[in-house]
Amino acid sequence: MAPRRFETKPVIFCLKTLLLLYSFIFWVSGVVLLSVGLWWKFMLGPYMLLISSAPSNTPYVLTGTGLAIILFGLFGCFATCRGRPWMLKVYAVFLSVVFMTELIAGISGFVFRHEIKGTFLTTYSDAVMRYDGRDDRSLAVDGVQRRLHCCGVYNYTSWFSSVYFPVGGVPASCCVSYSDCSSADLKNTTLAALKVHKQGCYELVTSFIESNMGIIAGVTFGIAFSQLIGMSLACCLSRFINANQYEMV
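Residues numbered from 1 in each chain as written. Predicted model: local features only at pLDDT ≥ 70, side-chain atom pairs only at ≥ 80, totals over all residues. Heavy atoms only, no water.

Caption draft 1: Looking closely at the packing of aromatic side chains. Using the criterion set out here, one finds 14 aromatic pairs in the structure. Note on F120 and Y202: the rings are 5.9 Å apart at their centroids and 20° apart in plane angle, and the pair reads as stacked. Of this pair, F120 sits in helix α4 (residues 113-129) while Y202 sits in helix α9 (residues 201-248), and the two are 82 residues apart along the sequence. Assessed through its relative accessible area of 8%, F120 is described here as buried. Judged by relative accessible area, which is 14%, Y202 ranks as buried. Each ring, one from Y131 and one from Y164, has its centre 4.8 Å from the other, and the planes form 85°; the classification is edge-to-face. (Phe/Tyr/Trp six-rings, centres within 6.5 Å; stacked < 30°, edge-to-face > 60°. Helix = DSSP H or I, 4+ residues; strand = E, 2+ residues; numbered from the N terminus. Buried < 20%, exposed > 50% of the residue type's maximum accessible area, 1.4 Å probe, protein only.)

Have a look at this one:
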């Protein structure tokens, strides 16, 4: 039995090293996810009003998932160092739950991407029609138009039928150059066409989603399937530790 024990110990040491490295990377991914959730909540919160009419739970889901991954990442490091088979099995079960959750989320996002685009079109069109320049949705519309250099839903003419146009014309956030964009110009349908961005925001956002959907799906599924590595390492280490304990007896 002694020679086999000597053969098992280097394997256990190697598996522990790999699982510790994996758990650290897993923990870092939790920190990143937590940061994204907080950034989404505090920085992207207003823009979520343009994607859904109801408050989004996405930042809370990301934050909660990030916290859970951080805690279980630490648990994975502790379980690996302690070398307790039952702890490693619990860690493997958690990784399998994360794997299934990420896989379902990735598939759902890919399958329902057209529904997401349809919801964005409806909500964004309503925000443009009801724009007043003061409420949260109006400020979010201004932010999108400034950052993406776009105007209106399909183009700047979307503003002509809005409740804001008779009072303020096309919003200043559509202007190509603010120094050469007076309020009188923005109220004139002919002059406004020369002063504002021509491309609509809906087309810009949806074309970005479509062009990057492959990358987003690849990253999502890649992260999900990486959990299989951790599950395999945890299960193998648990089995070798059990075998080593049996050989000692």
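Caption draft 2: The nonpolar core, seen in detail. Counting residues in each nonpolar core, the largest one holds 25 residues, and the members touching the most others are L50, Y124, V141, C151, W159, V170 and V196. Elements with a contribution of two residues or more to this core: α4, α5 (136-148), α8 (189-195) and α9. Among the elements that take part in this core, α4 stands out by supplying four residues, more than any other. Counting 19 residues, the second largest nonpolar core, distinct from the first, contains F26, V98, L233 and A234. (Core = buried A, V, L, I, M, F, W, Y, C linked by side-chain atoms within 4.5 Å.)

Caption draft 3: Layout of the environment of S29. If you trace the backbone, S29 turns up in helix α1 (residues 2-43). Note on S29: relative accessible area 31%, which makes it partly exposed. A C-alpha to C-alpha distance of 9.3 Å links S29 and G73, two positions 44 residues apart in sequence.

Caption draft 4: Focus on the state of the cysteines. Summed over all chains, the structure comprises three disulfides. One disulfide bridge connects C150 with C201, the sulfur atoms lying 2.0 Å from each other. The disulfide joining C150 to C201 has a torsion of about 95° about its S-S bond and is therefore right-handed. Of this pair, C150 sits in the loop between α5 and α6 (165-168) while C201 sits in helix α9, and the two are 51 residues apart along the sequence. Like C201, C150 is buried. Paired by a disulfide, C175 and C181 hold their sulfur atoms 2.0 Å apart. Looking along the S-S bond of the C175-C181 disulfide, the torsion reads about -70°, which is the left-handed sense. Per residue, the accessibility class of C175 equals that of C181, and both read buried. Here the bonded cysteines of the chain are numbered in sequence order, and their pairing is 1-6, 2-3, 4-5. No disulfide involves C81; its sulfur sits 6.7 Å from that of C77, the nearest cysteine. Its sulfur unpaired, C236 is 7.0 Å from the next cysteine sulfur, which belongs to C235. (Disulfide = S-S within 2.5 Å.)

Caption draft 5: A look at the pattern of salt bridges. Across all of its chains, the model carries four salt bridges by this definition. Notably, a salt bridge pairs R130 with D126, separated by 2.8 Å at the nearest N-O pair. The salt bridge involving D185 is made with K195; its shortest N-O contact spans 4.0 Å. Residue D185 is located in helix α7 (residues 183-187), and its partner K195 is located in helix α8; the two are separated by ten residues in the primary sequence. Each member of the pair, D185 as well as K195, carries the same accessibility label: buried. Members of the salt-bridge network, linked through shared partners, are D126, R130 and R137. (Salt bridge = Lys/Arg side-chain N within 4 Å of Asp/Glu carboxyl O.)

Caption draft 6: Summary view of the environment of Q199. Along the chain, Q199 falls in the loop between α8 and α9. By relative accessible area, Q199 is classed as partly exposed at 34%. On a C-alpha basis, the gap between Q199 and G152 in space is 8.0 Å, while along the polypeptide they are 47 residues apart. Not counting residues within four places of it along the chain, the set of residues in contact with Q199 comprises C150, C151, Y154 and L204. (Contact = heavy atoms within 4.5 Å.)

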